Amino acid sequence: MIIPKQMDGLNMLSNAEERHEGILGHLMYAASLIAKKLELDDGYRIVINNGKNGCQSVNYLHLHLLGGAKFGWPPGTNF
């Protein structure tokens, strides 16, 4: 899980405003650095849950970095 140090009121992706571009860009860049450090060279998935029906269970924006296994599509299937 990747959590920004500075939220600037950004508790979910659907509440993002233009002023949050830097935070969102930094989160994606941080995810790529972490993936490299974890040697996820074969691929990984980044997930952002948004809102109750999107399974967001905490009231702050964060990314899930998933890797180390082959993922199927749609999510939940394994091929």
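Residues numbered from 1 in each chain as written. Predicted model: local features only at pLDDT ≥ 70, side-chain atom pairs only at ≥ 80, totals over all residues. Heavy atoms only, no water.

A. Highlighting the side chain of Gln56. By secondary structure assignment, the location of Gln56 is in the loop between strand E1 (44-47) and strand E2 (64-67). The exposure class of Gln56 is buried, given its relative accessible area of 13%. At 2.9 Å, the side chain of Gln56 forms a polar contact with the backbone oxygen of Asn11. Looking at Gln56, its side chain comes within polar contact range of the main-chain nitrogen of Gly51, at 2.8 Å. With residues near it in sequence (within four places) discarded, Gln56 still touches Asn11, Met12, Asn49, Asn50, Gly51 and Leu61. (Helix = DSSP H or I, 4+ residues; strand = E, 2+ residues; numbered from the N terminus. Buried < 20%, exposed > 50% of the residue type's maximum accessible area, 1.4 Å probe, protein only. Polar contact = N/O pair within 3.5 Å; in protein donor to acceptor, adjacent residues only side chain to side chain. Contact = heavy atoms within 4.5 Å.)

B. Highlighting the nonpolar core. The biggest cluster of nonpolar side chains holds 11 residues, and these are Ile2, Leu10, Ile23, Leu27, Ala30, Ala31, Ala35, Leu40, Leu61, Leu63 and Leu65. In terms of residues, this core owes the most to one element, helix H1 (residues 21-37), which gives five residues. (Core = buried A, V, L, I, M, F, W, Y, C linked by side-chain atoms within 4.5 Å.)

C. Local environment of unusual backbone geometry. In this structure, Pro74 follows Trp73 across a cis peptide bond, with omega equal to 5°. Locating Pro74 in the fold gives a position in the segment after E2. Unlike most non-glycine residues, Asp8 shows phi in positive territory, near 50°. Tracing the chain through its elements places Asp8 in the segment before H1. Its identity as a non-glycine residue notwithstanding, Glu39 has a phi of 55°, on the positive side. Here Glu39 shows up in the loop between H1 and E1.

D. Here's a closer look at the pattern of salt bridges. The final tally for this structure, using the stated rule, is two salt bridges. With its nearest N and O atoms 2.8 Å apart, the salt bridge here joins Arg19 to Asp8. Placement of the pair is Arg19 in the segment before H1 and Asp8 in the segment before H1, with a sequence separation of 11 residues. For Arg19, a relative accessible area of 48% corresponds to the partly exposed category. Between Glu17 and Arg19 there is a salt bridge whose closest N-O contact spans 2.4 Å. A network of salt bridges, in which partner residues are shared, links Asp8, Glu17 and Arg19. (Salt bridge = Lys/Arg side-chain N within 4 Å of Asp/Glu carboxyl O.)

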